[in-house]
Amino acid sequence: ELLNSTNGNEIACNFPARYTYIKNNKYDIPNFNLQECQGLNAFVNTFSKDKVSLVFTSEYTNNPSSAFGHTMLLFSEDNKSLDIGNAIHFAAKTNKDDGFFKYSYKGFNGKYNGYFIREPFYKKIYEYNILEQRYMYVYQLNYTKSDILFLLYHLYEIRKATFKYYFLDGNCATQTSDLLNVISSYKRESSIYYLPIDTIKKYKKNILSETKYIP
């Protein structure tokens, strides 16, 4: 109904993945040219988008929220170093003054807000692989360029979204899986906890190649 209103073009520009999905499923809506959406294209054009990979970082026992590892997405270009790609990961905004027990209580009870954060991948390599001495595994997924563009459209839609962060079942792994599900539509089983390694297992069939960063 919104897409058929006088604000239809604005709605399409703000929700390009939803617009694309509705259009592809042959609903009766107007044709809008997403290439004319300035904010959207300014966002999309700053990403490397030849390939997308799922990154798994091994555990870091000094931090409760990273005790089972971490997952993120990596957007990169063909024939260029992965280091200069764009990393997208889900993380909580915590208070550095919170002690261990307060930190744990808030983390288990959804008292922290979580966001999707974009950073250069070389920064994450420096943080995880060099400073914290953690293994990093980069698994390239078999997504097409149109899949990747659709994924970026959805990232644009949730660029300002805030989520409740839970250590066990509302963490980087669940959010990364749900983000990828706009393409793959795999069912994520409900459970008390969902670990980063579960995301890798879930998308095993989509993996084309592996790159390893050794501490």
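Just above sits the structure.
Residue positions within a chain follow its written sequence, with the count starting from 1. Totals for whole chains, interfaces and linings use every residue, but because this is a predicted model, local features are given only for residues with pLDDT of at least 70 and side-chain atom pairs only at 80 or more, for both listing and counting. In computing side-chain properties, one takes all heavy atoms of the structure into account and sets aside hydrogens as well as water.

**Details of the pattern of salt bridges**
Reasoning step 1: What counts as a salt bridge is simple: a side-chain nitrogen of Lys or Arg found within 4 Å of a carboxyl oxygen of Asp or Glu. Applying the stated criterion across every chain yields a total of seven salt bridges.
Reasoning step 2: Between Lys145 and Asp50 there is a salt bridge; the shortest N-O distance is 3.3 Å. With Lys145 in helix H6 (residues 145–157) and Asp50 in the loop between helix H3 (38–44) and strand E1 (51–57), this residue pair connects regions lying 95 residues apart in the sequence.
Reasoning step 3: Given the relative accessible area of 24%, Asp50 is considered partly exposed. Only DSSP runs of H or I covering at least 4 residues are called helices, and only runs of E covering at least 2 are called strands; the numbering of each starts at the N terminus. The cut-offs for exposure are 20% and 50% of the maximum accessible area for each residue type, with area from a 1.4 Å probe on protein chains only; residues under the lower value are buried, those over the upper are exposed, and the others partly exposed.

**Some details on helix H5 (residues 121–131)**
Residue pairs spaced three or four apart in an α-helix point in one direction, given the helix's 3.6 residues per turn.
Reasoning step 1: Looking only at H5, the buried set comprises Phe121, Lys124, Ile125, Tyr128 and Asn129. One face of H5 carries all of its buried residues, which in axial projection span an arc of 105°. Summarising the geometry of H5, the exposed residues directed more than 90 degrees from the buried face are Tyr122 and Leu131.
Reasoning step 2: Lining the buried residues of H5 we find E1, strand E2 (70–76), strand E3 (86–93), strand E4 (112–120), strand E5 (136–141) and strand E7 (207–213).
Reasoning step 3: The positive-phi residue at the C-terminal boundary of H5 is Gln133, with phi of around 55°. This arc corresponds to the set of directions leading from the helix axis out to the C-beta atoms. Two residues qualify as a contact provided that any one of their heavy atoms is within 4.5 Å of a heavy atom in the partner residue.

**A look at the sheet that holds E2**
By way of backbone hydrogen bonds, the strands of a sheet pair with one another, either parallel or antiparallel.
Reasoning step 1: When DSSP finds two or more bridges between two strands, those strands count as paired. Strand order in the open sheet made by the seven strands is E6-E4-E3-E2-E1-E5-E7, with antiparallel pairing throughout. A strand with exactly one partner marks an edge of an open sheet, and here the two such strands are strand E6 (163–165) and E7. With strand direction ignored, the average angle separating the axes of adjacent strands in the sheet is 35°.
Reasoning step 2: Bridge count for E5 against E7 is six bridges, and the pairing is antiparallel. Each bridged residue has a counterpart across the sheet, and for Leu141 the counterpart in E7 is Ile207.
Reasoning step 3: Helix axes are fitted only over the stretch in contact, all axes being lines through C-alpha atoms; the angle between N-to-C directions runs from 0 to 180 degrees. Each of E1, E2 and E3 is contacted by H6, which is oriented at about 120° to E2, the strand it contacts most.
Reasoning step 4: Helix-sheet contacts for helix H7 (residues 172–184) involve E1, E2, E3, E4, E5 and E6, and the interaxial angle to E2 is about 40°.

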